[in-house]
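Residue-level structure breakdown
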Amino acid sequence: MQALQDAAAKQKVEEKAAPAPSSSSSSIYPPVPGQESPLRWAGKKFEEIPIAHIKASYNNTQIQVVSAANQPLARTSCGTEGFKNARKGTGIAAQTAGIAAAAKATAKGVTHIRVVVKGLGPGRLSAIQGLTMGGLEVISITDNTPIPHNGCRPRKARRL
Amino acid sequence: MPRPALLRSAVAVLSPFPGHTLFSNQCAARILTMDGLIEDIKRRRYYEKPCRRRQRESYETCRRIYNMEMTRKINFLMRKNRADPWQGC
């Protein structure tokens, strides 16, 4: 939620969730924190639903499920699931980490989550699929990849 | 006072179908690609020297000009591709 508020270029697409009654407005944008919206998931408003942060780097994928008040609920990564070195940077490892995170989160009573993805790694899609396979319901996907406006200089180009 | 050198651009997509995240995934990916964010992120992984950057931008400009002119030409020539105007003759 803070990421949504911090962003300078906010592009939101909104659609009606299936359990909500079909009314006039149907768009893919999630409800803005300021505006009232009739959408509810398990009786909760959009701002009260826990968030699953997925950091999909090129060599690893880390998932942390946090409540709406930023209380940590579950944290897994490919490394904690028994993968090592190069195998951590795969889709299968990310899916396993997603399933494990979902299991830990459901043990704490979480049903719906909003997903925030950071990074362009191999586990970007698989981690969300793993969360769904583990039993959590993903209601929205946010991309929060850090884009520098020409900040730090990245490392030099590889010569192949 | 430290100035944040980066601003996160957040693209958020609400999922319409419970249990089917593929649709919202594709939606979010399409928005990011259409706005040129995905290729920008890929390019920023390694530093692109100014000389290489100038070459790339020149190449992209030429390619864009060529593609637009070619589609214009094709659309013009396709006007000839119509249903038989001299039917029966």
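Placed above this text is the structure.
Here's a quick rundown of the structure. None of these values were measured; they are calculated from a predicted model.

**So, a positive patch on the surface**
Residues A:Arg153, A:Arg155, A:Lys156, A:Arg158, A:Arg159, B:Arg45 and B:Lys49 make up a contiguous surface patch of positive charge. Tracing the backbone through its elements, the reader meets B:Arg45 in the loop between helix 2 (37-43) and helix 3 (50-77). Residue B:Arg45 is classed as partly exposed on the basis of its relative accessible area of 36%.

**Structural notes on the packing of aromatic side chains**
Tallied over the full model, the rule gives one aromatic pair over all chains. Above the face of the B:Tyr47 ring, A:Arg153 is positioned so that its terminal group lies 3.7 Å from the ring centre.

**Points about the pairing of strand 2 (residues 51-56) of chain A**
Consecutive residues of a regular strand have side chains that alternate between opposite faces of the sheet. Residues and elements named next belong to chain A. Direction of pairing for strand 2 relative to strand 3 (residues 61-66): antiparallel, over a ladder of six bridges. Each residue of the ladder has a partner; that of Ala56, found in strand 3, is Thr61. Here strand 2 hands over to strand 3 after four residues, the two strands then running antiparallel side by side. The sheet contact formed by strand 2 and strand 5 (residues 112-118) spans five bridges and is parallel. Bridge pairing in strand 5 places Ile51 opposite Arg114.

**Comments concerning the pairing of strand 4 (residues 72-77) of chain A**
Residue and element names in this part refer to chain A. Alignment of strand 3 against strand 4, held across five bridges, turns out to be antiparallel. By the bridge assignment, Val65 is partnered in strand 4 with Ala74. Between strand 3 and strand 4, which pair antiparallel one after the other, the connecting turn spans five residues, and Asn70 there sits at a positive phi close to 65°.

**A closer look at the pattern of salt bridges**
Residues and elements named next belong to chain B. Here the structure, examined in full by the defined rule, presents eight salt bridges over all chains. One salt bridge in this structure joins Asp40 and Arg44, with 3.2 Å as the shortest N-O distance. Note that Arg53 is salt-bridged to Glu57, the shortest N-O span being 3.2 Å. Note that Arg53 and Glu57 are positioned in helix 3 at a spacing of four residues, about one turn of the helix. Taking the relative accessible area as the measure of exposure, Glu57 reaches 34% and is therefore partly exposed. Sharing partners across several salt bridges, the network here consists of Glu39, Asp40, Arg43 and Arg44.

**Quick notes on the layout of surface pockets**
Space inside the largest pocket adds up to approximately 780 Å³. Together, 28 residues line the largest pocket, and A:Pro148, A:Pro154, B:Ile41, B:Arg44 and B:Arg45 are the ones closest to its centre. Of all the secondary-structure elements, those providing two or more residues to the lining of the largest pocket are strand 2 and strand 7 (146-148) of chain A together with helix 2 and helix 3 of chain B. Counted by class, the lining of the largest pocket contains 13 nonpolar, five polar and ten charged residues. A domain split of the lining of the largest pocket shows at least three residues from each of domain 1 (1-46) and domain 2 (48-80) of chain B. Forming the walls of the second largest pocket are 15 residues, and the residues nearest its centre are A:Ala157, B:Tyr46, B:Tyr47, B:Glu48 and B:Arg52. Breaking the lining of the second largest pocket down by element, the ones donating at least two residues are helix 2 and helix 3 of chain B.

**Topic: the environment of B:Ala12**
Note on placement: B:Ala12 falls in strand 2 (residues 11-14). In sequence terms B:Ala12 and B:Ser24 are twelve residues apart; their C-alpha atoms lie 9.4 Å from each other.

**As for the nonpolar core**
Within the largest apolar cluster, 21 residues are counted, with the highest numbers of intra-cluster contacts made by A:Ile54, A:Val65, A:Ile113, A:Val115, A:Ile128, A:Leu131 and A:Leu136. For this core, the elements supplying multiple residues, two or more each, are strand 2, strand 3, strand 4, helix 2 (91-107), strand 5, helix 3 (124-133) and strand 6 (137-143) of chain A. With five residues, helix 2 of chain A is the single largest residue contributor to this core. If near-sequence neighbours (up to four positions away) are discounted, A:Val65 is found in contact with A:Ile51, A:Ala52, A:Gln71, A:Pro72, A:Leu73, A:Ala74, A:Ala105 and A:Ile113. Among the nonpolar cores identified, the runner-up in size contains twelve residues, and A:Ile147, B:Val13, B:Cys27 and B:Ile41 belong to it.

Thresholds, definitions, all that
- Residues numbered from 1 in each chain as written.
- Chains lettered and ligands numbered in written order.
- Predicted model: local features only at pLDDT ≥ 70, side-chain atom pairs only at ≥ 80, totals over all residues.
- Heavy atoms only, no water.
- Patch = residues over 30% accessible without salt bridge, like charges linked within 9 Å, V, L, I, M, F, W, Y side chains within 5 Å.
- Areas by Shrake-Rupley, 256 points an atom, 1.4 Å probe, with all protein chains shown as cover.
- Salt bridge = Lys/Arg side-chain N within 4 Å of Asp/Glu carboxyl O.
- Lys, Arg positive; Asp, Glu negative; His and termini not counted.
- Charge placed at Lys NZ, Arg CZ, Asp CG, Glu CD.
- Helix = DSSP H or I, 4+ residues; strand = E, 2+ residues; numbered from the N terminus.
- Buried < 20%, exposed > 50% of the residue type's maximum accessible area, 1.4 Å probe, protein only.
- Phe/Tyr/Trp six-rings, centres within 6.5 Å; stacked < 30°, edge-to-face > 60°.
- Lys NZ or Arg CZ within 6 Å of the ring centre and 35° of its normal.
- Pairing = 2+ DSSP bridges.
- 1 Å grid on protein atoms, 1.4 Å probe; cavity = no way out; pocket = protein on both sides within 12 Å on 5 of 7 lines; lining within 4 Å.
- Points joined across faces, edges and corners; volume = space filled by probe spheres on them.
- Nonpolar A, V, L, I, M, F, W, Y, C, P; charged D, E, K, R; others polar.
- Domains from an automatic or database assignment.
- Core = buried A, V, L, I, M, F, W, Y, C linked by side-chain atoms within 4.5 Å.
- Contact = heavy atoms within 4.5 Å.

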